Amino acid sequence: MKNTHTSTKSTSAADKKYDGFTDEERGAMKERAKELKASARRGSSAAKADGDSEVRAKIAEMPEADRVLAERIHAIVKSSAPVLSPRLWYGMPAYAKDGKVVCFFQSAQKFKTRYATLGFSDQAKLDEGTMWPAAYALTELSADDEARIGALIKRAVS
């Protein structure tokens, strides 16, 4: 017997296709796939050498407010933890130890958020008790903020 039932589902805006990711998140995933392909082609030593220039180029593309923060974070990370290697991670500046991302910067503009973010992965040694911050909102950086970030970065790689 043929099924003659037709759907009466509405096609309102709420019913439009939603696959769980925003356009910004899908874009970041595509950038990550490109990064992995490029890294595989170059090999680890070449990737490490190119990391700093790739991160600086990505920072240069950012809108001024994010660029200023990203440049300062880049300088703080390089001076506080020279053991970390700059690289791109989901299209954003990140810093890795032994190939594993320890911390990263997220542009406010890229993800259409109110503020930029300095985040730490589970590789960062910042665990404290049963609860601790894994990301910090950034709107501007004072000298005290920069000192605090430097101390966090040092602790993260200790």
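Data block above holds the structure.
This section reports on the structure supplied with the text. Per chain, residue numbering runs from 1 following the sequence as it is written. Where local features are concerned, this predicted model is filtered to residues with pLDDT of at least 70; where side-chain atom pairs are given and counted, the filter is 80 or more; whole-chain, interface and lining totals use all residues. Each side-chain value is derived from all of the structure's non-hydrogen atoms; neither hydrogens nor water enter the calculation.

Some words on the overall build of the protein chain
Logical step 1: For helices the rule is a DSSP run of H or I covering at least 4 residues; for strands it is a run of E covering at least 2, with both sets numbered from the N terminus onward. Looking only at helices and strands, the protein chain features four helices and five strands.
Logical step 2: The order of α-helices and β-strands along the protein chain, N terminus first, is α-α-α-β-β-β-β-β-α.
Logical step 3: Accessibility here uses a 1.4 Å probe with only protein chains present; expressed as a share of the type maximum, an area under 20% marks a residue as buried, one over 50% as exposed, and anything in between as partly exposed. Sorting the 158 residues of the protein chain into buried and exposed places 35% on the buried side.
Logical step 4: Contacts between residues were defined by any pair of non-hydrogen atoms, one from each residue, lying within 4.5 Å. Excluding contacts between residues fewer than 6 apart, the proportion of contacts in the protein chain whose partners are at least 24 apart in sequence is 48%.
Logical step 5: Here, Shrake-Rupley sampling with a 1.4 Å probe gives the accessible areas, and only protein chains in the shown set may cover a residue. Summed over all atoms, the accessible surface of the protein chain reaches about 10,500 Å², with 53% contributed by carbon and sulfur.

Observations regarding the nonpolar core
Logical step 1: Among buried residues, the Ala, Val, Leu, Ile, Met, Phe, Trp, Tyr and Cys ones that are joined through side-chain atoms within 4.5 Å form a nonpolar core. Counting residues in hydrophobic clusters, the biggest one holds 29 residues, and the most contacted among them are Ile73, Leu84, Phe105, Phe120, Leu138, Ile149 and Ile153.
Logical step 2: Considering every element that reaches this core, the biggest residue donor is helix H3 (residues 64-80), with five residues.
Logical step 3: Not counting chain neighbours up to four residues away, the residues in contact with Ile73 comprise Phe105, Leu118, Leu138, Leu141 and Ile149.

Overview of the environment of Leu152
Logical step 1: Relative to the assigned elements, Leu152 resides in helix H4 (residues 143-156).
Logical step 2: Note: C-alpha distance between Leu152 and Ser80 (72 residues apart in sequence) is 9.1 Å.
Logical step 3: When residues no more than four places from it in sequence are discounted, the contact partners of Leu152 are Phe120, Leu126 and Tyr136.

Points about the pattern of salt bridges
Logical step 1: Throughout this description, the term salt bridge denotes a Lys or Arg side-chain nitrogen within 4 Å of a carboxyl oxygen of Asp or Glu. Applying the stated rule across the entire model yields six salt bridges.
Logical step 2: Across the salt bridge formed by Lys78 and Asp52, the nearest N and O atoms sit 3.4 Å from each other. A residue pair is termed long-range when its members are at least 10 positions apart, and Lys78 in helix H3 and Asp52 in helix H2 (residues 44-61) qualify at 26 residues.
Logical step 3: Residue classification places Lys78 among the partly exposed positions, given a relative accessible area of 36%.

Description of the side chain of Thr117
Logical step 1: With respect to the element layout, Thr117 can be found in strand S4 (residues 116-120).
Logical step 2: The exposure class of Thr117 is buried, given its relative accessible area of 14%.
Logical step 3: In contact with Thr117, not counting residues within four places along its chain, are Phe104, Phe105, Gln106, Ala135, Tyr136 and Leu138.

Notes on the pairing of strand S2 (residues 92-97)
Logical step 1: Where burial is concerned, most of S2 is hidden: five out of the six residues are buried.
Logical step 2: Sheet topology places strand S1 (residues 85-89) next to S2; five bridges connect them, and they run antiparallel. Residue pairing across strands places Trp89 opposite Met92, the latter belonging to S2.
Logical step 3: Criterion used throughout: strands pair if DSSP finds at least two bridges between them. Between S1 and the antiparallel strand that follows it, S2, lie two residues; Tyr90 among them carries a positive phi value of about 55 degrees.
Logical step 4: Where S2 meets strand S3 (residues 100-106), four bridges bridge the pair, whose relative direction is antiparallel. Bridge pairing in S3 links Tyr95 to Cys103.
Logical step 5: With antiparallel pairing between neighbouring strands as the criterion, S2 and S3 make up a hairpin whose turn holds two residues, including Asp98 at a positive phi of roughly 55 degrees.

What about H4?
An α-helical turn contains 3.6 residues, so any two residues separated by three or four positions project in the same direction.
Logical step 1: Expected helix span is taken as 1.5 Å per residue step, with the number of steps being one fewer than the number of residues. Taking 1.5 Å per residue, 14 residues should reach 20 Å; H4 reaches 20 Å between its end C-alpha atoms and fits that length.
Logical step 2: The set of residues buried in H4 consists of Ile149, Gly150, Leu152, Ile153 and Ala156. Taken around the axis of H4, the buried residues stretch over an arc of 165 degrees, which confines them to a single face. Those residues of H4 that are exposed and angled more than 90 degrees off the buried face are Ala143, Asp144, Ala147, Arg148 and Lys154.
Logical step 3: Tucked into the core, H4 has its buried residues touching H3, S3, S4 and strand S5 (135-138). What the arc measures is the spread of directions leading from the helix axis to the C-beta atoms.

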